[in-house]
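Residue-level listing of the chains:
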Amino acid sequence: MNSDILRKLIGGILLVSLCFIGFLKPVQQYIQLPNKIVMMQGEEVILPKAAPVSAMSASHSKLALKDTTEALTIQADAAGREEVLLELAGVPIKKVDVEVIKDFKVIPGGQSIGVKLNTLGVLVVGHHLVQTEDGKVSPGEKAGIQVGDMITEINGEKIEELADVAPFVQEAGESKEALDVIVRRDQETIQTELKPMKDSNENSYKLGLYIRDAAAGIGTMTFYDPKSKKYGALGHVISDMDTKKPIVVEDGEIVHSTVTSIEKGSNGKPGEKLARFTGDKEIIGDITRNSPFGIFGKLNRDIKNGMLDKALPIALSHQIKEGPAQILTVVDGEEVELYDIEIVSTIPQKFPATKGMVIKVTDPDLLEKTGGIVQGMSGSPIIQDGKLIGAVTHVFVNDPTSGYGVHIEWMLNEAGINIYEEGREKAS
């Protein structure tokens, strides 16, 4: 009986001790450490020691742990996954999962590119009234078709370009029959009937819709993978200039472009690069994706920027620091140049987001030429300490010297380049 009471007493003391340990401020600091750390191969992460905590890992082949009185340093010697257990007086108080990524490298861009997108169907960008014998009417609006809708099928036939629509309109008008139309609206597919009306002024049949089948513009190349030739550019989605909605891409291509002049930015009015597609119109790559993080596809061949034509390592969002950095971009002709900027703020991100950094142009030459960040500069790669860390995305309307940047890891992910899988494959 006495031994049972003694065991219960000891158990109670241990339980209270464990609870007490949990309330100690140093222990709470360790408990608040992230449950997961992502680091690059060869990188060191230093955890300050607020208590005499010891650490151990399941396999020392991947992680090197340096345990001193002031700090615990985790060094990643090889790519892969590992667990680190933090103990206090032999009692486990924290488990940290460590994922080590292979030192991945890509070729930085900076080139001015021409972008041509072919939409998935034809895009409705407006309504207009048809003058009929019974008055003015828009058949398209009457059929419930809205601005931003994509017409993908007419009478069961796939619509790929503007020229595909006219024969259906004329035939239906003459036969006095309605067209069976399929439209895509956001993620929804809608079926409707659309009856063309005869324009008494022009003696032709019309839908009462303004439609367009392609979009073109300019931007800046951000990076490409020298092995797979997968690339990323722009750093933001391409939206239609009329509907302001993201363009649904069926396919597209990129070509070289030449910057002809710059409209400088000022407070309240963003500036713009004025450019033209180069004379050869050689297609240098395709476009398979238009996402919030830019346009993506595959290059037909290697391209050079003439400034930094070697593969650079990337930096993850937590490795970026406030302070000096540079961007690669074109402001005259096709010549890529390096310009100084400052990382004003950066947010370590665990999940993809388009706005990860605030940047400010500090280079006097660039400020003189452009006034700061201008349209067409989106996608310009950001370099810090010899690493590619992201791309320019948006300018602040009320301060053209400043804008947002996106972290490179999210653009790589959108390009179909899984830097995490690279590490796991190597580790296995």
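What you see is a predicted model, and the numbers here were worked out from it, not measured in a lab.

To continue, consider the overall build of the chain. When helices and strands are tallied, the chain shows 7 helices and 32 strands. Sequence separation of 24 or more characterises 67% of the internal contacts of the chain that already satisfy a separation of 6 or more. For the chain, the accessible surface area stands at approximately 21200 Å², while carbon and sulfur atoms represent 52% of it.

Considering the arrangement of structural elements, one finds Glu 414 in helix 6 (residues 408-414). Glu 414 sits in the buried class, given a relative accessible area of 15%. Polar side-chain contacts of Glu 414 include one of 2.8 Å to the side chain of Ser 291.

Turning to the nonpolar core, a few remarks are in order. Core analysis: the biggest nonpolar cluster contains 27 residues, and Phe 223, Ile 314, Met 411 and Leu 412 have the highest contact counts within it. At the level of secondary structure, the elements contributing two or more residues to this core comprise strand 1 (36-40), strand 26 (323-330), strand 31 (387-396) and helix 6. If one sorts the elements of this core by residue count, helix 6 sits on top with 4 residues. Viewed by domain, this core spans two of them, domain 1 (19-101) and domain 2 (104-122 + 213-419), each represented by three or more residues. Apart from residues no more than four positions distant in its own chain, Met 411 is found in contact with Thr 222, Phe 223, Gly 232, Ala 233, Gly 235, Phe 293, Phe 296, Ala 391 and Val 406.

We now examine a positive patch on the surface. A grouping of Lys 142, Lys 176, Lys 195 and Lys 198 is seen on the molecular surface, where their side chains present a positively charged patch. For Lys 142, the position within the fold is in helix 3 (residues 139-142). Take Lys 142: its relative accessible area is 72%, and that puts it in the exposed class.

Our focus in this paragraph is the side chain of Gln 111. Structurally, the position occupied by Gln 111 is in the loop between strand 8 (105-108) and strand 9 (112-127). Given a relative accessible area of 7%, Gln 111 falls into the buried group. Polar side-chain contacts of Gln 111 include one of 3.0 Å to the backbone oxygen of Lys 304. Discounting chain neighbours no more than four positions away, the residues touching Gln 111 are Gly 219, Thr 220, Met 221, Ile 303, Lys 304, Asn 305, Val 330 and Val 336.

Before going further, it helps to examine the pattern of salt bridges. Oppositely charged side chains are able to pair whenever their charged atoms sit close together. If you walk through the whole model with that rule in mind, you get 10 salt bridges. Residue Glu 202 pairs with Lys 206 through a salt bridge whose shortest N-O separation is 3.0 Å. Between Glu 337 and Lys 369 there is a salt bridge, with the nearest N and O atoms lying 3.9 Å from each other. In this pair, Glu 337 sits in strand 27 (residues 336-346) while Lys 369 sits in helix 5 (residues 364-370), placing the two residues 32 residues apart along the sequence. Because the salt bridges share partners, they merge into one network encompassing Asp 199, Glu 202 and Lys 206.

Our focus in this paragraph is the environment of Met 221. Structurally, Met 221 is set in strand 18 (residues 209-224). Among residues more than four places away in sequence, those in contact with Met 221 are Gly 109, Gly 110, Gln 111, Ile 113, Tyr 231, Gly 232, Ala 233, Ile 254, Leu 299, Ile 303, Gly 379 and Pro 381.

A few words on the environment of Leu 388. When you line up the elements, Leu 388 lands in strand 31. Along the primary structure Leu 388 and Lys 105 are separated by 283 residues, whereas in three dimensions their C-alpha atoms are 8.6 Å apart. When near neighbours in sequence (up to four residues on either side) are disregarded, Leu 388 contacts Val 106, Thr 222, Phe 223, Leu 312, Pro 313, Ile 314, Ala 315, Pro 381, Ile 382, Ile 383 and Ile 408.

The next subject is the sheet that holds strand 30 (residues 381-384). Spatially, 26-27-28-32-31-30 is the arrangement adopted by the 6 strands of the closed barrel, whose pairing is antiparallel. Averaged over neighbouring strand pairs, the angle between their axes works out to 45° when direction is ignored. Across 4 bridges, strand 30 lies against strand 31 in antiparallel orientation. Across the sheet, residue Gln 384 finds its bridge partner in strand 31, namely Lys 387.

The next thing to look at is a negative patch on the surface. A cluster of acidic residues, Glu 153, Glu 157, Asp 180 and Glu 193, forms a negative patch on the protein surface. Summarising the element assignment, Glu 193 is placed in strand 15 (residues 188-194). For Glu 193, a relative accessible area of 61% puts it in the exposed group.

Next up on the list: the confidence of the model for the chain. In the predicted model, the chain carries a mean pLDDT of 84, and the fraction of residues at 70 or more is 85%. Within the model, the stretch residues 422-428 combines pLDDT values under 50 with 11 contacts to residues more than four positions away or in other chains.

So, about unusual backbone geometry. Here the phi dihedral of Asp 186 falls at roughly 55°; this positive angle occurs in a residue that is not glycine. The backbone of Asp 385 shows a phi angle near 55°, a positive value even though the residue is not glycine. By the element assignment, Asp 385 lies in the loop between strand 30 and strand 31.

A few words now on helix 4 (residues 165-175). Within helix 4 the residues assigned to the buried category are Val 165, Phe 168, Val 169, Ala 172 and Gly 173. Each buried residue of helix 4 lies within a common arc of 125° when the element is viewed along its axis, so the set occupies one face. Away from its buried face, by an angle of more than 90 degrees, helix 4 presents the exposed residues Glu 171 and Glu 174. Positive backbone phi, at 60°, marks Lys 176, one or two positions downstream of helix 4.

Basis of the calculations
By convention here, each chain's residues receive numbers from 1 onward along its written sequence. Local features in a predicted model are, by the rule used here, given only for residues with pLDDT of at least 70; side-chain atom pairs are given and counted only at 80 or more, and totals for whole chains, interfaces and linings are based on all residues. Neither water nor hydrogens contribute to the side-chain values; these are computed over all heavy atoms in the structure. Numbering of helices and strands runs from the N terminus; a helix is a DSSP stretch of H or I covering at least four residues, while a strand is a stretch of E covering at least two. Should any heavy atoms of two residues lie within 4.5 Å, those residues are considered in contact. Computed with a 1.4 Å probe, the accessible areas rest on the Shrake-Rupley method; for each residue, only the protein chains presented here act as cover. In this scheme, a residue with accessible area under 20% of its type's maximum is buried, one over 50% is exposed, and one in between is partly exposed, where area comes from a 1.4 Å probe on protein chains only. Distance and chemistry together define a polar contact, namely a pair of N or O atoms within 3.5 Å, with one atom able to donate a hydrogen and the other to accept it when in protein, and with adjacent residues in sequence counting only for side-chain atoms on both sides. The term nonpolar core refers to a set of buried residues drawn from Ala, Val, Leu, Ile, Met, Phe, Trp, Tyr and Cys, joined through side-chain atoms within 4.5 Å. As used throughout, domain bounds are those supplied by an automatic or database domain assignment. Any residue with relative accessible area above 30% and no salt bridge may belong to a patch, with like charges joined within 9 Å and the nonpolar Val, Leu, Ile, Met, Phe, Trp and Tyr side chains within 5 Å. The working definition used for a salt bridge is a side-chain nitrogen of Lys or Arg within 4 Å of a carboxyl oxygen of Asp or Glu. None of His or the chain ends enter the tally, which takes Lys and Arg as positive and Asp and Glu as negative. For the purpose of locating charges, the reference atoms are NZ of Lys, CZ of Arg, CG of Asp and CD of Glu. We treat two strands as partners when DSSP finds at least two bridges between them. To get an axis, a line is fitted to the C-alpha atoms, and for a helix only the part in contact is used. The angle between two axes follows their N-to-C directions and goes from 0 to 180 degrees. The predictor's confidence in any single residue is recorded as pLDDT, a number from 0 to 100. The arc in question is the one spanned by the directions pointing from the helix axis to the C-beta atoms.

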